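# Fold and geometry: a report
So you can see what is in the structure, the chains are spelled out below.
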Amino acid sequence: MKGKLFLSLFLLTICGYSQSYPGPAGQAGSTAIAGTSSVFKAWATGATITRGPQDIKNPTGPVATVGTADSALGAPNGSGVVSLGDGGSAIVTFAKPIMNGDGFDFAVFENGFSDTFLELAFVEVSSDGVHFFRFPSHSETQTTTQIGGFGSVNATYIHNLAGKYKSNYGTPFDLSDLEDNVLLNKDIITHIKIIDVIGTIDPLYASYDSKGNIINELYSTPFASGGFDLDAVGVINQNENLAVSNFNAIASLSVYPNPVSDVLYIETEEEFTVTVYDFTGRLIKNSNSTQGKEMRVSDLVPGNYLVEFVVGKQKTIKKIVVQ
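Read on for a plain summary of the structure.

## Digging into the overall build of the protein
Of regular secondary structure, the protein possesses two helices and 21 strands. Counting all 323 residues of the protein, 50% fall into the buried class. Of the roughly 14,700 Å² of accessible surface on the protein, 52% is carried by carbon and sulfur atoms.

## Focus on the nonpolar core
Core analysis: the largest hydrophobic core is formed by 33 residues, its most contacted members being Phe106, Val108, Val125, Ile192, Ile194, Leu230 and Val233. For this core, the secondary-structure elements that each account for two or more residues are strand E5 (89-98), strand E6 (106-109), strand E7 (121-126), strand E12 (189-196) and strand E14 (232-235). When residues in this core are grouped by element, the largest group, four residues, is from E5. Those residues in contact with isoleucine 194, other than ones at most four positions away along the chain, are Leu84, Gly88, Ser89, Ala90, Val92, Val108, Ala121, Phe122, Phe228, Leu230 and Val233.

## With respect to the sheet that holds strand E11 (residues 169-173)
The strand order E1-E11-E6-E14-E2 describes an open sheet built from five strands, whose pairing is antiparallel. Edge strands, defined here as strands with exactly one partner in the open sheet, are strand E1 (33-34) and strand E2 (42-43). Of the pairings in the sheet, the one linking E6 to E11 comprises three bridges and is antiparallel in character. Counted as the bridge partner of phenylalanine 106 is phenylalanine 173 from E11.

## Considering the pairing of strand E17 (residues 273-278)
Burial within E17 is extensive, with five of its six residues counted as buried. Bridge count between E17 and strand E20 (residues 303-311): six bridges; the pairing is antiparallel. Within the sheet, the bridge partner assigned to threonine 275 lies in E20 and is glutamate 308. Looking at chain direction, E17 and strand E18 (residues 283-287) are connected through four bridges and run antiparallel. Bridge pairing links valine 274 to serine 287 in E18. Where E17 hands over to E18, the hairpin turn is made up of four residues, of which glycine 281 adopts a positive phi near 90 degrees.

## Some thoughts on a negative patch on the surface
Judged by side-chain charge, Glu267, Glu269, Glu270 and Glu271 come together as a negatively charged surface patch. By the secondary structure assignment, glutamate 267 is in strand E16 (residues 263-267).

## Let's talk about the sheet that holds E16
Hydrogen bonds along the backbone pair up the strands of a sheet, which may run parallel or antiparallel. The three strands are arranged E15-E16-E19 in an open sheet whose pairing can be described as antiparallel. At either margin of the open sheet sits one strand with a lone partner, and together these are strand E15 (254-256) and strand E19 (294-296). Sheet twist, expressed as the average angle between the axes of neighbouring strands with direction ignored, equals 25 degrees. Where E16 meets E19, three bridges bridge the pair, whose relative direction is antiparallel. The partner of valine 263 across the bridge, within E19, is arginine 296.

## Looking at unusual backbone geometry
Negative phi is the rule for most residues except glycine; trans is the rule for most peptide bonds. The linkage connecting tyrosine 219 with the following residue, serine 220, adopts the cis geometry, with an omega of 0 degrees. Positionally, serine 220 belongs in the loop between E12 and strand E13 (229-230). Note the cis peptide between tyrosine 256 and proline 257, where omega equals -10 degrees. Of note, proline 257 is situated in the loop between E15 and E16. Its identity is not glycine, yet asparagine 160 carries a phi of approximately 55 degrees, on the positive side. Positionally, asparagine 160 belongs in the loop between strand E10 (158-159) and E11.

Analysis parameters
Position labels on residues start from 1 in each chain and follow its written sequence. With the structure being a predicted model, the display of local features is reserved for residues of pLDDT at least 70 and the display and counting of side-chain atom pairs for 80 or more, all residues being used for whole-chain, interface and lining totals. Working from all heavy atoms in the structure, the side-chain values ignore hydrogens and water. Helix numbers and strand numbers start at the N terminus; a helix is a DSSP run of H or I with at least 4 residues, a strand a run of E with at least 2. For every residue, the accessible area (1.4 Å probe, protein chains only) is compared with the maximum for its type, and the residue is labelled buried under 20%, exposed over 50%, or partly exposed between those bounds. The accessible surface values rely on the Shrake-Rupley method and a 1.4 Å probe; as for residues, cover is taken only from the protein chains in view. Here, nonpolar core refers to any group of buried Ala, Val, Leu, Ile, Met, Phe, Trp, Tyr and Cys residues whose side-chain atoms link them within 4.5 Å. Contact criterion: two residues are considered in contact whenever any of their non-hydrogen atoms come within 4.5 Å of each other. Whether two strands pair depends on DSSP finding at least two bridges between them. Put simply, a patch holds well-exposed residues, over 30% relative accessible area, that have no salt bridge, with like charges counted together within 9 Å and Val, Leu, Ile, Met, Phe, Trp or Tyr side chains within 5 Å. Definition used for salt bridges: Asp or Glu carboxyl oxygen within 4 Å of a side-chain nitrogen of Lys or Arg. Only four residue types enter the charge count, namely Lys and Arg as positive and Asp and Glu as negative; His and the chain termini do not. A charge is said to be at NZ when it belongs to Lys, at CZ for Arg, at CG for Asp and at CD for Glu. Only the stretch in contact is used when a helix axis is fitted, and all axes are lines through C-alpha atoms; the angle between N-to-C directions ranges over 0 to 180 degrees.

Printed below as a string of structure tokens:
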């Protein structure tokens, strides 16, 4: 009996059926968060949608059409969703930024009608609306047999992919899971991007997790409602001290000339501190603000640099070329 149990566990492991992650909503240890939970402080207030085709193998065919950008705003209701189509995406914004606090920081809601009818999506975040960083994801679902359009996905095989939980239960994300990067301020997350996972196991069109595994999920779904159905994005840890409008003020800071060989001029009404990094993120130099709003760069080796400006808790990054 023990030998059979050992063999079963061995086969589950080598075949990828590890069941390493929390299960569906309501099960012990599940991380699903109900849309009615008091942990949510706010919801997305803006959205931009880029539709994908109903079937990735027919890229010039009809795209998903269900819902509008407004369907992704506010609290989840399970029916007012926007369908992204195969590989489609949504970028949502907020009245105040999300910050990296204790535990989970936000959650994404899909409208799966059961614990196993799961359409998945990658999640990326940005603190400037330009540079996005993807959460490390993992799928342990087998890739031998294609899951059909009305098939089943086991939540215990899925990690850091939106859509892990059924309708009205959010998949939570912790900003601490992201590696530190000079282009990302985890305390001022202004944009979240949700990108549909293309469920096919055909390597020509497949989506891959952070470990290089094909993600096998519902495919094909050649309908107007195909792809990930975004219902809502809820904020758990909100930066109460910073409105996005204030963040945009420093984001409009400009520098010139660029390329530059001697003195870089900074155009802004605010006082700031400035730090210069190379493109690998290595610190090159830093200095305090100057009333003259200029910085000498003639001491830098010619090349590409990232210049970080900070005003209070606000930050923006500018790329410059030193000649």
